Amino acid sequence: MSNDLIEQAKSMTIGSDKFALPMPPTFDNLAAQQTYEKQRLAAGFRVFAMHGFDEGLAGHITQRDCIDPETFWVNPLGIHFAHIKASDLVRVDHKGNIVEGNSVINNAAFAIHSRIHMARPDVAAVAHAHTKFGRAFSSLGQLLKPISQDACVFYENHSVFDVFSGVVADAEEGDMIAASLADKTAVILQNHGLLTVGKSLDAAVANFVLMDSCCQSQLLAQAAGELKLISHDIAVKTKRANGSDIVTWGNFQPLYQVVNAQDNSFLD
Ligand SMILES: [Zn+2]
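Position numbers for residues start from 1 in each chain and track the written sequence from start to end. Per-residue local features of the predicted model are confined to residues with pLDDT of at least 70, and side-chain atom pairs are confined, for both listing and counting, to 80 or more; whole-chain, interface and lining totals are unaffected and use all residues.

Caption draft 1: Representation of the overall build of the protein within the structure. A count of helices and strands for the protein gives nine helices and eight strands. The C-alpha radius of gyration computed for the protein amounts to 18 Å, which stays within 12% of the reference 18 Å derived for 268 residues, consistent with globular compactness. Seen through its C-alpha atoms, the protein measures out along the principal axes to roughly 55 × 50 × 35 Å. For the protein, the proportion of its 268 residues judged to be buried stands at 40%. Segments assigned H or I by DSSP are reported as helices when at least four residues long, segments assigned E as strands when at least two residues long, and all are numbered from the N terminus. It is over C-alpha atoms that the radius of gyration is taken, and the globule rule equals 2.2 Å times the number of residues to the power 0.38. With C-beta atoms placed from the backbone, a residue is labelled by how many other C-beta atoms lie within 10 Å of its own: buried for 20 or more, exposed for 12 or fewer, partly exposed between the two.

This is the structure:
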């Protein structure tokens, strides 16, 4: 267990000297880790479904494979997020070869996610969907402003990819998106949707849920009047706390509890 994570968790909890802190799991072997991560990825789709982040065939979440990091797991094309199981997932390499699984996958999923997984070795998972609020906000071609504690997570921590040239079909555009993302947590794909990354599947999905919600908040506030912004120093300080590894991972845990209680067939 990383001492950094323990210290981060202790700094924001009362009782952590007496009780067990919620922490990411550790594994004795890679096969157990792979099974867990596939189940977590399938759960991530259930969380997306719970938030209405499905839009026909659009949307994909990927998890880098822990045994062969040159490959990643992705959703099969055409299965609703609410029905995806761990056994439905498809593993693909960075050349676009399906190396495990029995379904086709979305071209754009490969073109975008493979290039981000290649460019960001620190990132384990990448999430993207065409959501109502993310899509609306993306059409403004603007960054999210630090208008709330939650929005500070993305302060100086996301970019706008302002090129829309149709459905992403080639790795060259995936490279451009990865370059726009750079070392940040998220990128707003103008006229398209949102994309977030994380050091774990949990963090990538929780960051996505939060970003979509922040887009909704800013759209509401901008429509209502003049925004009062949080100052630079406070926004940076708030990002360090609420955008920390332990908090971004932790934000997924209540969401997981809900989908797990509703229907845990994603584990299969
Ligand atoms: Zn898309």
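Caption draft 2: Representation of the sheet that holds strand β8 (residues 193-198). If you trace the eight strands from one edge of the open sheet to the other, you get β4-β3-β2-β1-β5-β8-β7-β6, paired in mixed fashion. Of all strands in the sheet, those with a lone pairing partner are β4 (98-100) and β6 (158-161), marking the two edges. Pairs of neighbouring strands in the sheet enclose a mean axial angle of 25°, with direction left out of account. Should DSSP find at least two bridges between two strands, the strands are taken to pair. Summarising the sheet, β6 and strand β7 (residues 186-189) pair through four bridges and their orientation is parallel. Looking at the pairing, serine 159 lines up with valine 187 of β7. Whether two residues are in contact is decided by their C-beta atoms, placed from the backbone, lying within 7 Å. To get an axis, fit a line to the C-alpha atoms, keeping to the stretch in contact for a helix; angles then go from 0 to 180 degrees between the N-to-C directions. Against the sheet, helix α3 (residues 107-119) makes contact with β1 (60-64), β2 (71-74), β3 (90-93), β5 (125-129) and β8, and its axis sits at roughly 35° relative to β1, the strand it touches most. Across the sheet, helix α6 (residues 201-224) lies against β1, β5, β7 and β8, angled at about 145° from β8, the strand it touches most.

Caption draft 3: Broad picture of the pairing of β7. Neither face of β7 is open: one carries Ala186 and Ile188, the other Val187 and Leu189, and all of them are buried. Linking β7 back to β8 in an antiparallel pair, the connection comprises three residues, with asparagine 191 at a positive phi of about 60°.

Caption draft 4: A look at unusual backbone geometry. A positive phi angle, near 50°, is found at glutamate 156, a position not held by glycine. Inspection of the secondary structure puts glutamate 156 in the loop between α4 (132-138) and β6. With a phi close to 60°, asparagine 191 is a non-glycine residue in the positive phi region. The topology assignment puts asparagine 191 in the loop between β7 and β8. Owing to 15 C-beta atoms within 10 Å, asparagine 191 belongs among the partly exposed residues under this scheme.

Caption draft 5: A look at the nonpolar core. The term nonpolar core refers to a set of buried Ala, Val, Leu, Ile, Met, Phe, Trp, Tyr and Cys residues connected through C-beta atoms within 7 Å. Among the nonpolar cores identified, the biggest contains 66 residues, and Ala125, Ala204 and Val205 are the most heavily contacted of them. Among the elements that make up this core, the one with the highest residue count is α6 (eleven residues). Each residue touching valine 205, except ones within four places of it in the same chain, is listed here: Gly44, Val47, Ile61, Ala127 and Phe252.

Caption draft 6: Quick peek at the environment of serine 200. Counting through the fold element by element, serine 200 comes out in the loop between β8 and α6. A tally of 19 C-beta atoms within 10 Å means that serine 200 is categorised as partly exposed. As a C-alpha pair, serine 200 and proline 24 span 176 residues in sequence and 9.1 Å in three-dimensional space. Apart from residues no more than four positions distant in its own chain, serine 200 is found in contact with Pro24, Ala124, Ala125 and Trp249.

Caption draft 7: Molecular detail of α3. Its 13 residues give α3 an end-to-end C-alpha distance of 18 Å, which sits within 8% of 18 Å, the value for a rise of 1.5 Å per residue. Along α3, ten of the 13 residues are buried, which leaves the element largely enclosed by surrounding structure. Turning to α3, its buried residues number three or more, namely Ala108, Ala109, Phe110, Ala111, Ile112, His113, Ser114, Arg115, Ile116 and His117. Against the buried residues of α3 lie β1, β2, β3, β5, α5 (171-181) and β8. Expected helix span is given by 1.5 Å per residue-to-residue step, counting one fewer step than there are residues.

Caption draft 8: Quick peek at the packing of helix α2 (residues 30-50) against α6. At a closest axis distance of 9 Å, the pairing of α2 and α6 adopts a crossing angle of 10°. One element, α2, and the other, α6, form an angle in the roughly parallel class. Residue-level contacts link Glu37, Arg40, Leu41, Gly44 and Val47 of α2 to Leu201, Asp202, Val205 and Val209 of α6. Here roughly perpendicular refers to angles of 65 to 115 degrees, roughly parallel to angles under 35, roughly antiparallel to angles over 145, and oblique to all remaining angles.

Caption draft 9: Inspection of the environment of valine 259 at higher detail. If you trace the backbone, valine 259 turns up in helix α9 (residues 252-262). If we skip the residues at most four places from it in the chain, valine 259 touches Ala43, Arg46, Val47 and Met50.

Caption draft 10: Structural context of the environment of arginine 115. By the element assignment, arginine 115 lies in helix α3. Arginine 115 sits 59 residues away from glycine 174 along the chain, and the two C-alpha atoms are 5.5 Å apart. Setting aside residues up to four positions removed in sequence, arginine 115 forms contacts with Ala171, Gly174, Asp175, Ile177 and Ala178.

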